[in-house]
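Single-letter residue listing:
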Amino acid sequence: MLNIKKIASYSMDENMVIVTDKNKQIPDFNFTKPETDFIHKEIERNESLVILNRFTNWIFIQTTDYSKDINVQKELLRKSGNTICKFVQENKIGHITIIDAVKDGRLTLSLFEGLALGNYQFIKYFKNAAEKKTSLTEISLFSDDITGADIQILSALIEGVYFARDLVNEPASLLNSVKFSQEIAEMGKKSGFKTEIFDKQKIKDLKMGGLLAVNKGSADPPTFTVLEWKPQNAVNKKPYILVGKGIVYDTGGLSLKPTHDSMDYMKCDMAGGATVAAVFMALARTKVPVYAIGLIPSTDNRLGPDAYSPGDVITISDGTTVEVLNTDAEGRLILADAICYANRFEPELIIDIATLTGAAHRAIGTQGMVGMGNASKNVVDLLVETGLNEHERIAVFPFWEEYGESIKSEIADIQNVGGDNAGAITAGKFLEYFTKYPYFHLDIAGTAFLKKGESYRGTGATGSGVRLLYRFLQAISNEKIR
Ligand code: BES
Ligand code: ZN
Ligand code: ZN
């Protein structure tokens, strides 16, 4: 993990990034005349990142442009942070100092965030992992506008994203549900949130028929992990509940996924669960005064002699019967049990996060998550705004009542698939059926895992939703919103 610190002074012979305003004079860093001329020429050419090679050290000058929207600027800086990161790695640089010459923590921290997130690696399975290891181990920040607390929060978030990515990148052969739950419990111990893992017997006692049905084809038992972060100074009495899909591998079951590559990355199907765990880690590490519960139902979805089958009728823990018409629509079955469990807390709000539908991925690609729900306008506005701030954008889909009609079954209360169209929404409607509390659903099927790398989000697991949900709860803790 990166060592991150705030510093009170720096020397000009270090490797450094200077963040400065394009439209103001370049601050005086004792640049030589040829250097100053070069910087100006590059800026005139509309180059926002200027790199000076001083042979003993590198200086990166990153300009900002206040004529652009603040969130657009922030995202440009995150991406620039990633570009600098790759440069730093190629040149085997171990330490870099970021200087907030623009005196705007929002911007400088964004560059820092991109740099740190871009430095993530998942290399443990390479024989020559030691050689591949990133050179960058330390980042220092010099700023009047950034507090120690800001840095602490951002480091916790970066570590949270790393934690979620590690869990998602781990192959299912090495991370079954039991191991997944244990990893979360261990993180709970380390960072200070409580966990309880329900085993198969307890899951049976609770009559979680969705989770048990999906687990029937599996060689491993299911788990249901409950996370709790309840500080004494919490602003809320009723908890905010985060529910995360924890399918450690999705073959589709008997409704087998087609070959080509649709199964290749299905170890990512527990990304929602990993995100929930990472958010709790960051909440606990930074002691956010909000009472939150996390629920992560987990199993793999496989074929086997006992596997659940299309046509089966199963019973969710609240007694709702579901006609299973496609065993590949398994996420909603395990999440239904989790949402029923959430109801007992009389929650302020339930948010679930799940790699739920290919339809969400197809609809908007990898540029954002799909969101929908019946939560209040204030809640939805705050989620959307936080998404824009963090560049974890939410495209809010309609959630009209009529969409619920397509999950009506001929022989049971509901069925687990809707019609041919609006698949992301009918999945959301299925979940909404199980609660009368304010509810919001985040489908991260497009964003959780990138086959082709995208800047600081990296290749493979992205940690989608960690920064969004943490910042959302942090905002709630500052100013209670209903
Ligand atoms: N885990 C998949 C969804 C998914 C697709 C995640 C692509 C990540 C990337 C989910 O369980 C699934 O298979 N959904 C089906 C539902 C359908 C059968 C109604 C789908 O989207 O095809
Ligand atoms: Zn599936
Ligand atoms: Zn799935």
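Rules and cut-offs
- Residues numbered from 1 in each chain as written.
- Chains lettered and ligands numbered in written order.
- Predicted model: local features only at pLDDT ≥ 70, side-chain atom pairs only at ≥ 80, totals over all residues.
- Heavy atoms only, no water.
- Helix = DSSP H or I, 4+ residues; strand = E, 2+ residues; numbered from the N terminus.
- Rg over C-alpha atoms; globule rule 2.2 N^0.38 Å.
- Buried < 20%, exposed > 50% of the residue type's maximum accessible area, 1.4 Å probe, protein only.
- Contact = heavy atoms within 4.5 Å.
- Areas by Shrake-Rupley, 256 points an atom, 1.4 Å probe, with all protein chains shown as cover.
- Lys, Arg positive; Asp, Glu negative; His and termini not counted.
- Charge placed at Lys NZ, Arg CZ, Asp CG, Glu CD.
- Donors = N, O, S within 2.8 Å, 3.2 Å for Na, K, Ca; no water.
- Tetrahedral: all angles 85-135°; square planar, octahedral: opposite > 155°, others 65-115°.
- Phe/Tyr/Trp six-rings, centres within 6.5 Å; stacked < 30°, edge-to-face > 60°.
- Lys NZ or Arg CZ within 6 Å of the ring centre and 35° of its normal.
- Pairing = 2+ DSSP bridges.
- Axes fitted to C-alpha atoms, helices over the stretch in contact; angles between N-to-C directions.
- Parallel < 35°, antiparallel > 145°, perpendicular 65-115°, else oblique.
- Left-handed = near helix turned anticlockwise from the far one by under 90°.
- Nonpolar A, V, L, I, M, F, W, Y, C, P; charged D, E, K, R; others polar.
- Near = heavy atom within 4 Å.
- Polar contact = N/O pair within 3.5 Å; in protein donor to acceptor, adjacent residues only side chain to side chain.
- Domains from an automatic or database assignment.
- Buried area = accessible area lost by both parts, 1.4 Å probe.
- Salt bridge = Lys/Arg side-chain N within 4 Å of Asp/Glu carboxyl O.

Helix and strand counts for the protein stand at 14 helices and 20 strands. Taking 2.2 N^0.38 as the reference for a compact globule, 482 residues should give roughly 23 Å; the C-alpha atoms of the protein span a radius of gyration of 24 Å, in line with that estimate. Projected onto its principal axes, the C-alpha positions of the protein cover 80 × 50 × 40 Å. When the 482 residues of the protein are sorted by exposure, 58% land in the buried category. Taking as baseline every contact in the protein between residues at least 6 positions apart, the subset at least 24 positions apart corresponds to 78%. As displayed, the protein offers around 20300 Å² of accessible surface, 50% of which is attributable to carbon and sulfur atoms. Seen as two clouds, the 54 positive and the 60 negative side-chain charges of the protein have centres 3 Å apart.

Moving on, we come to the coordination of the zinc ion (ligand 2). Every protein donor of the zinc ion (ligand 2) is listed here as D250 (OD), D328 (O), D328 (OD) and E330 (OE), and their distances to the metal cover 2.0 to 2.2 Å. Around the zinc ion (ligand 2), the six donor atoms sit at angles spanning 71 to 169°, and that spread fits a shape best called irregular. Site description for the zinc ion (ligand 2): donor spacing in sequence, D-x77-D-x1-E. Between the zinc ion (ligand 2) and the zinc ion (ligand 3), both coordinated by D250, there is a metal-metal distance of 3.2 Å. On the criterion of sequence distance, the pair formed by D250 in strand 10 (residues 246-250) and E330 in the loop between strand 13 (321-323) and helix 10 (331-343) is long-range, its members being 80 residues apart. Note on accessibility: D250 and E330 belong to one class, buried.

Let us now look at the coordination of the zinc ion (ligand 3). Protein ligation of the zinc ion (ligand 3) involves K245 (NZ), D250 (OD), D269 (OD) and E330 (OE), the donor distances falling in the range 2.0 to 2.4 Å. Around the zinc ion (ligand 3) sit six donor atoms; with metal-centred angles ranging over 77 to 172°, the donor geometry is octahedral. In the primary sequence, the donor residues of the zinc ion (ligand 3) line up as K-x4-D-x18-D-x60-E. Owing to a relative accessible area of 2%, D269 belongs among the buried residues under this scheme. Taking relative accessible area as the criterion, E330 reaches 0% and is therefore assigned buried.

Each aromatic ring pair is described using two quantities: the centre-to-centre distance and the angle formed by the ring planes. By the definition in use, this model includes 16 aromatic pairs. Relative to F434, the ring of F430 has its centre 5.4 Å away and its plane inclined at 55°; by these criteria the two rings are tilted. Pairing Y433 with F434 gives two aromatic rings, centres 5.3 Å apart and planes at 65°, and the pair type is edge-to-face. Here F434 falls in the buried class, since its relative accessible area comes to 3%. Within the aromatic cluster, the residues linked to one another by ring pairs are Y10, F29, F31 and F142. Across the ring face of F126, the terminal group of K132 is positioned such that the distance to the ring centre comes to 4.2 Å.

Further remarks concern the sheet that holds strand 1 (residues 3-6). One open sheet holds the six strands; their spatial order is 1-6-5-2-4-3, and the pairing between them is mixed. Since the sheet does not close on itself, it has two edges, and those belong to strand 1 and strand 3 (49-53), each with one partner. In this sheet, adjacent strand axes meet at a mean angle of 20° when their direction is disregarded. Note: strand 2 (residues 16-21) against strand 5 (residues 95-100), four bridges, orientation parallel. Looking at the pairing, V17 lines up with I98 of strand 5. Helix-sheet contacts for helix 2 (residues 70-90) involve strand 2, strand 3, strand 4 (58-64) and strand 5, and the interaxial angle to strand 4 is about 165°.

What follows concerns the packing of helix 5 (residues 148-169) against helix 14 (residues 466-478). The geometry of helix 5 relative to helix 14 is characterised by a closest axis approach of 9 Å and an angle of 140° between their N-to-C directions. Put simply, helix 5 runs oblique to helix 14. Between helix 5 and helix 14 lies a crossing of right-handed hand. Together, I153, L154, L157, G160, V161 and A164 of helix 5 and V466, R467, Y470, R471 and Q474 of helix 14 make up the contact between the two elements. For the contact of helix 5 with helix 14, the class distribution of residues is seven nonpolar, two polar and two charged.

Bringing the site of ligand 1 into the picture now. Contacts to ligand 1 come from 15 residues, most closely from D250, K257, D328, E330 and G358. Between E330 and ligand 1, the recorded distance is 2.9 Å, taken from a side-chain N or O atom to an oxygen atom. One of the backbone N or O atoms of T355 is found 3.4 Å from a nitrogen atom in ligand 1. For ligand 1, the accessible surface in isolation is 520 Å², of which the surrounding protein chains cover 79%. For the shell around ligand 1, the class distribution of residues is four nonpolar, four polar and seven charged.

The domain architecture assigned to the protein consists of domain 1 (3-146) and domain 2 (156-478). Inter-centroid distance (C-alpha atoms) of domain 1 to domain 2 is 36 Å. At the interface, 17 residues of domain 1 touch 16 residues of domain 2. For the pair domain 1 and domain 2, the summed buried area comes to about 1600 Å², and 56% of that belongs to carbon and sulfur atoms. The largest per-residue losses of area from domain 1 upon contact with domain 2 belong to L117, Y120 and F122, which jointly make up 40% of the total buried on that side. Between domain 1 and domain 2 we count two salt bridges in total.

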